[in-house]
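Survey of secondary and tertiary structure
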Amino acid sequence: MGLCHAFYAWEIDGFFGFGLPMSQNRPSEGENRPDSPLKGLRRAFGRVLHLYFRLVRGMTLGVRAAVLDEAGRVFLVRHTYVPGWHLPGGGVEVGETLQEALAKELREEACIRLTGEPVLHGVFFNRMASRRDHVAVYVVREFVVESAKQPDREIAEAGWFSLDALPEGTTAGTRRRLGEIIEGTMAEADW
């Protein structure tokens, strides 16, 4: 993940939210048009954050989880600030281990608590986000769903999907990682 979730939450709530209730913060259809001023502001703000991270961090590191249940489904999220369906995850903060970050992000984005060791699938270079972004992907099969994930400032939708019927808009990187995990194929170096 190229940018820290905390900054995205601030972007949505503090900068673009204008203090409005969440239902009023969500983009309307007009805001998703290519010529929308809010879309341009969000893109510009993202570039400023990339510049900030470039100056203060040599590299960004994120974690994502392929949470697979016994019914052959995967848990995916759709964020409020980027298009598409993704594996849940987020940035690794200073002083935090990969597994601590993974557990935290699963609690926040999915209401899922780990009950066993996640298995590292691979570490991927996410050159689409920036030249310094890396993502560690874990496979999670031992977990407890503590409650159904409700939409919030960061997550617009979340849910379980059959591996052979992923939702429209599932990102290419997500599809590649799931294919590697399920089919046991060699992982590519790039996200």
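Residues numbered from 1 in each chain as written. Predicted model: local features only at pLDDT ≥ 70, side-chain atom pairs only at ≥ 80, totals over all residues. Heavy atoms only, no water.

1. Quick look at the pairing of strand S1 (residues 60-67)
Of all eight residues making up S1, seven are buried, and the element is well covered by its neighbours. Sheet topology places S1 next to strand S7 (residues 133-140); eight bridges connect them, and they run parallel. Residue pairing across strands places Val67 opposite Val140, the latter belonging to S7. Here S1 runs beside strand S4 (residues 89-91); their pairing, made up of three bridges, is antiparallel. Its bridge partner being in S4, Gly62 is matched across the sheet by Gly91. (Buried < 20%, exposed > 50% of the residue type's maximum accessible area, 1.4 Å probe, protein only. Helix = DSSP H or I, 4+ residues; strand = E, 2+ residues; numbered from the N terminus. Pairing = 2+ DSSP bridges.)

2. Regarding the sheet that holds strand S9 (residues 155-162)
If you trace the three strands from one edge of the open sheet to the other, you get S3-S2-S9, paired in antiparallel fashion. Of all strands in the sheet, those bounded by a partner on one side alone are strand S3 (85-86) and S9. Summarising the sheet, strand S2 (residues 73-79) and S3 pair through two bridges and their orientation is antiparallel. Paired with Arg78 across the bridge in S3 is Trp85.

3. Observations concerning the pattern of salt bridges
Under the defined criterion, the tally for this structure stands at eight salt bridges. Ionic pairing is found between Arg73 and Asp69, a salt bridge with its closest N-O pair at 2.7 Å. Owing to a relative accessible area of 33%, Arg73 belongs among the partly exposed residues under this scheme. Note on Asp69: relative accessible area 14%, which makes it buried. Close ionic contact of Arg176 with Glu188 constitutes a salt bridge, the shortest N to O distance being 4.0 Å. (Salt bridge = Lys/Arg side-chain N within 4 Å of Asp/Glu carboxyl O.)

4. Points about helix H5 (residues 172-183)
With twelve residues, H5 should cover 16 Å at 1.5 Å per step; its first-to-last C-alpha distance of 16 Å lies within 8% of that length. When H5 is considered as a whole, its buried residues turn out to be Gly173, Thr174, Arg177, Leu178, Gly179, Glu180 and Ile181. Those residues of H5 that are buried lie in contact with S1, S2, S3, strand S6 (119-125) and S7. Just downstream of H5 lies Gly184, where phi reads positive at about 70 degrees. (Expected span 1.5 Å × (residues − 1). Contact = heavy atoms within 4.5 Å.)

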